[in-house]
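# Overview (structure and organization)
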Amino acid sequence: MRRYGWVIRLRPHRRETYLRLHAAVWPDVERRLREANIRNYSIFLHRDLLFGYYEYVGEDHDADQRRIAEDPQTRAWWKLTDPCQESLAEPGSGHWWAPMDEVWHLTEEAS
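Residues numbered from 1 in each chain as written. Predicted model: local features only at pLDDT ≥ 70, side-chain atom pairs only at ≥ 80, totals over all residues. Heavy atoms only, no water.

The next point concerns the pattern of salt bridges. One pass over the structure, following the stated rule, counts eight salt bridges. Here Glu 35 ties to Arg 32 by a salt bridge, and the two come within 3.2 Å at their closest N and O atoms. Placement of both Glu 35 and Arg 32 in helix α2 (residues 27-35) is noted, with a separation of three residues, approximately one turn of the helix. Owing to a relative accessible area of 43%, Glu 35 belongs among the partly exposed residues under this scheme. (Salt bridge = Lys/Arg side-chain N within 4 Å of Asp/Glu carboxyl O. Helix = DSSP H or I, 4+ residues; strand = E, 2+ residues; numbered from the N terminus. Buried < 20%, exposed > 50% of the residue type's maximum accessible area, 1.4 Å probe, protein only.)

Written as structure tokens, this is what we have:
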């Protein structure tokens, strides 16, 4: 299992739309994420920053990400959510949400 953290800016004038959408994420979008080996996906909000976290349990993260991006329901979902966001990713990186580096993790057991 590998942990991923991502960050993006929430456009203030789209805040309510984004929160309303995420109060009832489409079941097909959630299903596709599960099929792509995504687990424990959470999105947190702090002022105008969204922080996303998930655990990946598959073998090929890039291939699973491509499958998510090819899904028609997910693409329709993104047409609604993307205008609510402002990317913080490096230009030309191919990312919409900016990836974050993990700097520390508390394990369940003491070493």
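Moving on from the model shown.
Take helix α4 (residues 72-81) next. Restricting attention to buried positions, one finds in α4 the residues Thr 74, Trp 77 and Thr 81. Along the axis of α4, the buried residues cluster in a sector spanning 60°; they form a single face. Set apart from the buried face of α4 by more than 90 degrees, the exposed residues are Pro 72 and Lys 79. In the core, the buried residues of α4 are packed alongside α1 (15-22), α2, α3 (61-70) and β4 (85-86). (Arc of directions from axis to C-beta. Contact = heavy atoms within 4.5 Å.)

What the rule picks out here adds up to five aromatic pairs. A ring pair is formed by Tyr 4 and Trp 6, whose centres lie 6.2 Å apart and whose planes are at 10°; its orientation type is stacked. Per residue, the accessibility class of Tyr 4 equals that of Trp 6, and both read buried. Linked through ring pairs, Tyr 4, Trp 6, Tyr 41 and Tyr 54 together constitute an aromatic cluster. (Phe/Tyr/Trp six-rings, centres within 6.5 Å; stacked < 30°, edge-to-face > 60°.)

This part covers the nonpolar core. One recurring pattern in soluble globular proteins: nonpolar side chains tend to sit buried together. Tyr 18, Ile 38, Leu 50, Tyr 54 and Trp 97 are the most contacted members of the largest nonpolar core, which has 14 residues in total. Looking at this core, the elements that each hand over two or more residues are β1 (2-10) and β3 (49-56). In terms of residue count, β1 provides more of this core than any other element does, four residues in total. With residues up to four places along the chain from it excluded, the contact list for Ile 38 reads Leu 33, Tyr 54, Glu 55, Tyr 56, Gln 65 and Ile 68. (Core = buried A, V, L, I, M, F, W, Y, C linked by side-chain atoms within 4.5 Å.)

Quick look at the pairing of β1 now. Sheet topology note: the β1/β3 ladder contains eight bridges and is antiparallel. Bridge assignment links Ile 8 to a residue of β3, and that residue is Leu 50. Sheet topology note: the β1/strand β5 (residues 98-100) ladder contains three bridges and is antiparallel. Across the sheet, Val 7 pairs through a bridge with Ala 98, a residue of β5. Relative to β4, β1 is paired through two bridges, and the arrangement is antiparallel. The partner of Arg 9 across the bridge, within β4, is Glu 86. (Pairing = 2+ DSSP bridges.)

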